[in-house]
Amino acid sequence: MLEPNIRNTGVSLTLTVTFAMGLVLCSEAGLAQSGCYPGLPCSTSTPAGQELEPSAPPAAPPETERVRVTSFTYQTPPNEVEPGLRQFNRVSATAWSTTYPNGFVEHSRVRGRVVLDGCNGTVIGKVLEPDFSVYIPDKGCPGMMARWQRGSGSWNLLGPMKNVR
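Residues numbered from 1 in each chain as written. Predicted model: local features only at pLDDT ≥ 70, side-chain atom pairs only at ≥ 80, totals over all residues. Heavy atoms only, no water.

Draft legend 1. Representation of the overall build of the protein in the model. A tally of helices and strands in the protein yields 1 helix and 10 strands. When the helices and strands of the protein are listed from N to C terminus, the series reads β-β-α-β-β-β-β-β-β-β-β. Considering the protein as a whole, with its 165 residues, one finds that 36% of them fall into the buried category. With an accessible surface of roughly 9600 Å², the protein has 57% of that area assigned to carbon and sulfur atoms. (Helix = DSSP H or I, 4+ residues; strand = E, 2+ residues; numbered from the N terminus. Buried < 20%, exposed > 50% of the residue type's maximum accessible area, 1.4 Å probe, protein only. Areas by Shrake-Rupley, 256 points an atom, 1.4 Å probe, with all protein chains shown as cover.)

Draft legend 2. Layout of the sheet that holds strand β9 (residues 145–150). With antiparallel pairing, 8 strands are arranged side by side in an open sheet as β3-β4-β5-β6-β7-β8-β9-β10. With one partner strand each, in any of the chains shown, β3 (71–75) and β10 (156–160) form the two edges of the open sheet. Sheet twist, expressed as the average angle between the axes of neighbouring strands with direction ignored, equals 30 degrees. The pairing of strand β7 (residues 119–126) with strand β8 (residues 132–137) spans 5 bridges and is antiparallel. Paired with Ile 124 across the strands is Val 134, a residue of β8. (Pairing = 2+ DSSP bridges. Axes fitted to C-alpha atoms, helices over the stretch in contact; angles between N-to-C directions.)

Draft legend 3. Representation of the confidence of the model for the protein in the model. For the protein, the average pLDDT comes to 76, and 67% of its residues sit at 70 or higher. Counting contacts from residues 1–53, a segment whose pLDDT is below 50, to residues more than four positions away or on other chains yields 80 contacts. (pLDDT = per-residue confidence, 0-100. Contact = heavy atoms within 4.5 Å.)

Draft legend 4. Inspection of the state of the cysteines at higher detail. For the coordinates displayed, the defined rule picks out 1 disulfide. One disulfide in the model links Cys 119 with Cys 141; its S-S distance is 1.6 Å. Taken as a pair, Cys 119 in strand β7 and Cys 141 in the loop between β8 and β9 lie far apart in primary sequence, 22 residues in all. The exposure classification of Cys 119 matches that of Cys 141, with both residues buried. (Disulfide = S-S within 2.5 Å.)

Draft legend 5. Region of the structure containing the nonpolar core. Residues Val 69, Phe 72, Trp 96, Tyr 135, Ile 136 and Met 161 are the most contacted members of the largest nonpolar core, which totals 21 residues. Contributing elements (two or more residues each) for this core: β3, β6 (105–116), β7, β8 and β9. It is β8 that contributes the most residues to this core, 4 residues altogether. (Core = buried A, V, L, I, M, F, W, Y, C linked by side-chain atoms within 4.5 Å.)

Draft legend 6. Fine view of the environment of Pro 137. As for its placement among the helices and strands, Pro 137 is situated in strand β8. Along the chain, Pro 137 and Val 67 lie 70 residues apart, while their C-alpha atoms are 9.0 Å from each other. Excluding residues that lie within four positions of it along the chain, Pro 137 makes contacts with Val 69, Cys 119, Asn 120, Gly 121, Met 144, Met 145, Ala 146 and Met 161.

Here is the structure:
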């Protein structure tokens, strides 16, 4: 039995789904319009009535050449700040750049490696916005979905990565 709990914090919409057993997919829950992506998990199994508290994900092993992402694109939704296609590029082993549709380039630093939903990946953080992080899954991860996090909050789906190299 699903019990959705929706909170609007003014900046983002948080949807928590609690259930007794199993993994709920967005298409099964009818939640595709809530920021979930069809066929991918909306939530992680928790005992009925209990929410998952954000916690630090486990560290991932160092990346290898085979799984290393060096660039990708991400298409923002139309209501995003500076909407359109964003290009992410690895500049060095410790730095990334993001080019916005208007040509603005934002710089990020590698913060570490973590495991999210069983998938190894790299966490980068904006130089000028230290409480904002982006998770970039290693090549071969199911769905190749980038995620974002503010502070030590929950990881949220950013969206599908395209043109992954």
